[in-house]
Amino acid sequence: ENKIRQENEQIQLFVQYKEHRDEEIQRQTNERRKMKNESVLRLAEDIKKQQEVRKEREEILYELNEGRKMEEDNYKDQIDMENSIKKRLHLREANELATKYKMQREEK
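These figures come from a predicted structure and were not determined experimentally.

Asks: Even after reading the chapter, I still don't get the overall build of the chain, so can you show me in this structure?
Replies: A tally of regular secondary structure across the chain gives 1 helix and 0 strands. For 108 residues, the compact-globule estimate of 2.2 N^0.38 gives 13 Å, and the chain exceeds it by more than 25% at 46 Å. Structurally, the chain occupies a C-alpha span of about 155 × 10 × 5 Å along its principal axes. Burial status across the chain gives 0% buried among its 108 residues. Roughly 11,200 Å² of accessible area belongs to the chain as shown, and the carbon and sulfur atoms make up 52% of that amount. Put simply, the chain has 26 plus and 27 minus side-chain charges, and the middle of one group is 4 Å from the middle of the other.

Asks: Would you mind going over a negative patch on the surface with me for this structure?
Replies: A surface patch of like charges, here negative, comprises Glu52, Glu56, Glu58, Glu59 and Glu63. Here Glu52 shows up in helix α1 (residues 2–107).

Asks: Can you help me understand the pattern of salt bridges in this one?
Replies: Pairs may arise between side chains of opposite charge once their charged atoms sit close together. Counted according to the given criterion, the structure contains 6 salt bridges. In this structure, Arg27 engages Glu24 in a salt bridge whose closest nitrogen and oxygen atoms are separated by 2.4 Å. Taken together, the residues span about one helical turn, with Arg27 and Glu24 both in helix α1 at a distance of 3 residues. What makes Arg27 partly exposed here is its relative accessible area of 46%. Of the residues examined, Glu24 reaches a relative accessible area of 28% and is grouped as partly exposed. Where Lys69 meets Glu66, a salt bridge forms, and the shortest distance between an N and an O atom there is 3.9 Å. With Lys69 and Glu66 both in helix α1, this residue pair falls 3 residues apart, about one helical turn. Among the residues examined, Lys69 registers a relative accessible area of 44% and is labelled partly exposed. Owing to a relative accessible area of 29%, Glu66 belongs among the partly exposed residues under this scheme.

Asks: How do you make sense of a nonpolar patch on the surface when you look at a structure like this?
Replies: Residues Ile11, Phe14, Val15 and Tyr17 make up a contiguous nonpolar surface patch of about 420 Å² in total accessible area. Within the fold, Ile11 resides in helix α1.

Asks: Explain the environment of Leu13 here, please?
Replies: Relative to the helices and strands, Leu13 resides in helix α1. A residue is classified by how much of its surface remains accessible, and Leu13, at 55% relative accessible area, is exposed. Once the C-alpha coordinates of Leu13 and Lys76 are considered, the two residues, 63 residues apart in sequence, prove to be 93 Å apart.

Asks: Quick question: what am I supposed to make of the environment of Leu61 here?
Replies: Tracing the backbone through its elements, the reader meets Leu61 in helix α1. Among the residues examined, Leu61 registers a relative accessible area of 56% and is labelled exposed. A sequence separation of 56 residues divides Leu61 from Arg5, and the C-alpha atoms of the two residues are 83 Å apart.

The rules behind these values
- Residues numbered from 1 in each chain as written.
- Predicted model: local features only at pLDDT ≥ 70, side-chain atom pairs only at ≥ 80, totals over all residues.
- Heavy atoms only, no water.
- Helix = DSSP H or I, 4+ residues; strand = E, 2+ residues; numbered from the N terminus.
- Rg over C-alpha atoms; globule rule 2.2 N^0.38 Å.
- Buried < 20%, exposed > 50% of the residue type's maximum accessible area, 1.4 Å probe, protein only.
- Areas by Shrake-Rupley, 256 points an atom, 1.4 Å probe, with all protein chains shown as cover.
- Lys, Arg positive; Asp, Glu negative; His and termini not counted.
- Charge placed at Lys NZ, Arg CZ, Asp CG, Glu CD.
- Patch = residues over 30% accessible without salt bridge, like charges linked within 9 Å, V, L, I, M, F, W, Y side chains within 5 Å.
- Salt bridge = Lys/Arg side-chain N within 4 Å of Asp/Glu carboxyl O.

As structure tokens, then:
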């Protein structure tokens, strides 16, 4: 009977040890999982920040490019307008010379 009681106590101690060990393993596993989750969240946040910076840079470059295109288009429009004015002036001068020449011929 004494022997059975000792065996039961040993079994009980072993069960307690095993339960404690299992709890500790579970706690460590949970802690590692928590740390991994936190590091994944930090990594995701860093990636998101990088993407935001990249997107902001792309938007700035797009705006700069659009501004340059607009300036170039305005410059081309200005050149076209100047050329059109010059052409009309030349036509007017040519018409005036033609009229003057015609009048001189008629006078003779």
